Amino acid sequence: MNLSTPGIHHVTAVASDPQRTHDFYADTLGLRLVKRSVNQDDTDVYHLFYADHEGRPGTSMTLFPYPEAGSGRVGTGQVAAVSFLVPSGSLEYWRERLEEAGTEPGEVVDRFGDDVLPFSDPDGLPLELVARPDAPEPNLPESPVAHAHAIRGFFGVTLSLTGTEPTTDLLTGMGYRQADRSADGTRLRYETDGDLGYVVDVRAEPQAPRGLPGAGTVHHVAYRIDREAQEGWREFLIDRGLRPTEVIDRKWFESIYVREYENVLFEFATAEPGYTVDEDLEALGESLVLPEWLEDRRERIEASLPALST
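Quick caveat: nothing in here was measured; it's all calculated off a predicted structure. (Residues numbered from 1 in each chain as written. Predicted model: local features only at pLDDT ≥ 70, side-chain atom pairs only at ≥ 80, totals over all residues. Heavy atoms only, no water.)

Draft legend 1. Helix α2 (residues 91-100), seen in detail. The set of residues buried in α2 consists of Leu91, Trp94, Arg95, Arg97 and Leu98. Summarising the contacts, the buried residues of α2 are in contact with α1 (18-28), β5 (78-87), β7 (114-120) and β8 (126-132). Among the residues trailing α2, Gly102 stands out with phi positive, at a value near 90 degrees. (Buried < 20%, exposed > 50% of the residue type's maximum accessible area, 1.4 Å probe, protein only. Helix = DSSP H or I, 4+ residues; strand = E, 2+ residues; numbered from the N terminus. Contact = heavy atoms within 4.5 Å.)

Structure below.
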């Protein structure tokens, strides 16, 4: 079976205060809360999903906000930055918007011919806006962000590793191809054929400290796969000397998890059945939804969660 992914399905990060997290991703970045649920492995914690209007794969940033979480440290063995795609000419708009929200963005940098604006979320998670002329039309009809400058979805992620191989060999087997490299050879760009979330940059940082989990760090990056190819993906990962999980039903998609060679947690998630399997499109994110195997615990779960105004 010839396996390939069109790119990122979603990215999940750890946060702290759930209200502050919501206000930033919904009100400042203008993304739609498309699913309000709980971490299925730790049901005392929200799982909040922010995406485009329909919650399409390639647009979904999800967060586990632990109110008492300490700060993590971004370093090797982690996703070091998450990049969103915006159209060319949008970065000055975003600089002003982020500054008005109390966020201090960095200076625009040129990376492989693209203008990139770095900034952080309230917990210090490194984020970027990448401006490109080929950004697709937005799918956020009711966003507080100006329609012309709205986030389109993911551009990609940056992995911080002590060395580039064998992770780059794994990416090649997943359907990525090397598209560019920095002059000093420390950043390699890999691209696949999707229209959103199709970039993975691999940054070699052998002297950098090891990353530590906590608020402000990425928990995992998920890649899009076809449902009928799930077992093929498991076999591929096993053949690469890795130890993937069995297929896990997450209600809105089915997933396989594996830690790649430097411990970055990869997920391989299906597009189906999607976020509208248990809510109408126009009602996405309005109430706490649980998979049916947690419904008998709803009263206890709801009592354990902090208030969240959306």
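Anyway, onward from the coordinates.
Draft legend 2. Broad picture of the sheet that holds β8. Read across the open sheet, the eight strands follow the order β6-β7-β8-β5-β9-β12-β11-β10; overall the sheet is mixed. Strand pairing shows two members of the sheet lacking a second neighbour, β6 (109-111) and β10 (177-181), which therefore form its edges. When the angles between neighbouring strand axes are averaged without regard to direction, this sheet yields 30 degrees. The pairing of β10 with strand β11 (residues 187-191) spans four bridges and is antiparallel. By the bridge assignment for β11, Asp180 is matched with Arg189. Most of the contacts of α2 go to β7, to which it runs at about 10 degrees, and overall it touches β5, β7 and β8. (Pairing = 2+ DSSP bridges. Axes fitted to C-alpha atoms, helices over the stretch in contact; angles between N-to-C directions.)

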